[in-house]
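If you want the building blocks of each chain, they are given just below.
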Amino acid sequence: MTAHPQLFLHVLGAIVLFGSVGAATLLAWRGRVANGSGSALAGAAFRTLLGFALPAWIVMFIFGNWTKSKEHIPDATHWLKIGSAIAIAGVLVLLVAVGTSFAWSRTPTRRSLATATGALTTLLLAALAVAWWVMTAKVPS
Amino acid sequence: MEVRPGRDAVGDVRVAGPAEPTRRVRTHAGASVSEFQWLLALHVTGAFLFLGSAVAAGVLNLAAQRAEKPSEVALFLGLARFGAVGIGLGGALTLVLGLWLVHEGGFSYGQTWIILSLVLFAIAGSMGAAGGRRDRGTRELAERLAAEGDAPSTELRARLRDPAALALSYASGLAVVAILALMIWKPGA
């Protein structure tokens, strides 16, 4: 892989996505057991997912595709197909998590929404870990 | 010079190093991932943990700055401690495996990008630690104020927006982004 700004921005976007989803995960699981601070935690989780995670996903995806074009990587490459599939499924999970965190911020006493947000963001973190492993080790090739 | 791990027709991994433009690192018999690929993937895992935890800590610090009540500030800064743990673990993993990769990839420890990365790593670590100590003081103040009635405090607000603490945190963040850039471009390799 040749070094160029698109690759740098793809990796930076992925890191910010991972970090912001990680922060939202902490906020959501803490919100599940919080007494009286649910509103602050829910608002912070929603703002984190909407203001950091979603833009980071866009940066990661756009510059990832740009890198793929620039490097002329074939569409059939397995590690690329796995990474792309995780990115596309991941944004759907992310959008649902944005929705549940928004609903939680509107009704902070509903802990089931904190649980749903925490479960979705935890799932997304695990999927991101698989994606960076596959795309770094480039397996299966 | 750049590292180009990738499989060729016989399943070997091509690695470009300064001494040997194209060095072959044979995969273990029957294994689908070579030693170099394992190290690289684990190094990147450490980097994601290191940088991602820094992002998480930054996001939680921003949430603390927006909070009104001291109990909420204490809650957010308390969660940011998980970020600090991730920074420590990820940083250690990145550093150890990164140095191993330098050897495994046929690079020299004296190359510009490696020296600069290590210097920036030390700078980021010391600035982040200094910022972390200030955050701990702020969290302890917030916990005390929360126990004393949880009324908004101008002192706490000032501590959260302390320019010196913010400068340390942002400078530390910039240093790790610069390390990421060095890892990708490898100037002087």
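Numbering of residues starts from 1 in every chain and runs along the sequence as written. Written order decides the labels, with chains lettered from A and ligands numbered from 1. Predicted model: local features are reported for residues with pLDDT of at least 70 only, side-chain atom pairs are reported and counted for 80 or more only, and whole-chain, interface and lining totals are derived from all residues.

Taking 1.5 Å of rise per residue, the 29 residues of helix α1 (residues 5-33) of chain A would be expected to cover 42 Å, and the 43 Å separating its terminal C-alpha atoms lies within 8% of that figure. Counted residue by residue, α1(A) has 22 buried out of 29 residues, so it is predominantly covered. Every helix listed is a DSSP run of H or I at least four residues long, and every strand listed is a run of E at least two residues long, numbered separately from the N terminus. Multiplying one less than the number of residues by 1.5 Å gives the expected span of a helix. Residues are called buried when their C-beta atom has 20 or more other C-beta atoms within 10 Å, exposed when it has 12 or fewer, and partly exposed otherwise; all C-beta atoms are positioned from the backbone.

Before going further, it helps to examine the nonpolar core. For this entry, the nonpolar core is defined as buried Ala, Val, Leu, Ile, Met, Phe, Trp, Tyr and Cys residues connected by C-beta atoms within 7 Å. Core analysis: the largest hydrophobic core is formed by 80 residues, its most contacted members being A:Leu17, B:Leu60 and B:Phe76. For this core, the element with the highest residue contribution is helix α1 (residues 35-66) of chain B, accounting for 17 residues. What A:Leu17 contacts, discounting residues up to four positions off in sequence, is A:Ala53, A:Ala56, A:Trp57, A:Met60 and A:Leu128. We call two residues in contact when the distance between their C-beta atoms, placed using the backbone, is within 7 Å.

Turning to its location among the elements, B:Val59 is positioned in helix α1. Under the C-beta neighbour-count criterion, B:Val59 is labelled buried, with 28 such atoms within 10 Å. Taking the C-alpha atoms as reference points, B:Val59 and B:Gly83, 24 residues apart in sequence, are found 9.9 Å from one another. With residues up to four places along the chain from it excluded, the contact list for B:Val59 reads A:Ser20, A:Ala23, A:Thr48 and A:Phe52.

It is worth spelling out helix α5 (residues 163-185) of chain B at this point. Because an α-helix completes one turn every 3.6 residues, residues spaced three or four positions apart along the sequence face the same direction. Across its 23 residues, α5(B) extends 32 Å between first and last C-alpha, which sits within 8% of the 33 Å expected from 1.5 Å per residue. Along its buried surface, α5(B) packs onto α1 of chain A together with α1 and α3 (112-147) of chain B. A positive phi of about 50° marks B:Lys186, the residue just after α5(B).

Residue and element names in this part refer to chain A. Put simply, α1 and helix α2 (residues 38-71) touch, their axes get as near as 7 Å, and they point 160° apart. Considered as vectors, α1 and α2 are oriented roughly antiparallel to each other. Helix-helix and strand crossings are classified by hand; for α1 and α2 the assignment is left-handed. Nonpolar residues are Ala, Val, Leu, Ile, Met, Phe, Trp, Tyr, Cys and Pro. Charged residues are Asp, Glu, Lys and Arg, and all others, Gly as well, are polar. Considering only residue class, the contact of α1 with α2 consists of 23 nonpolar, nine polar and two charged. Axis definition: a line fit to C-alpha positions, over the contact stretch in the case of helices; interaxial angles, taken between N-to-C directions, run 0 to 180 degrees. For classification purposes, angles smaller than 35 degrees are called roughly parallel, those larger than 145 roughly antiparallel, those between 65 and 115 roughly perpendicular, and all remaining angles oblique. For a crossing to be left-handed, the near helix must be turned anticlockwise from the far one by less than a right angle; the clockwise case is right-handed.

Let us now look at the interface of chain A and chain B. Tallying the contact residues gives 29 residues for chain A and 32 residues for chain B. Elements that contribute at least two residues to the side of chain A that touches chain B include exactly α1, α2 and α4 (111-137) of chain A. Take the side of chain A that touches chain B: its biggest share by element is 14 residues, from α1(A). Taken together, the residues that form the side of chain A that touches chain B break down as 19 nonpolar, eight polar and two charged.

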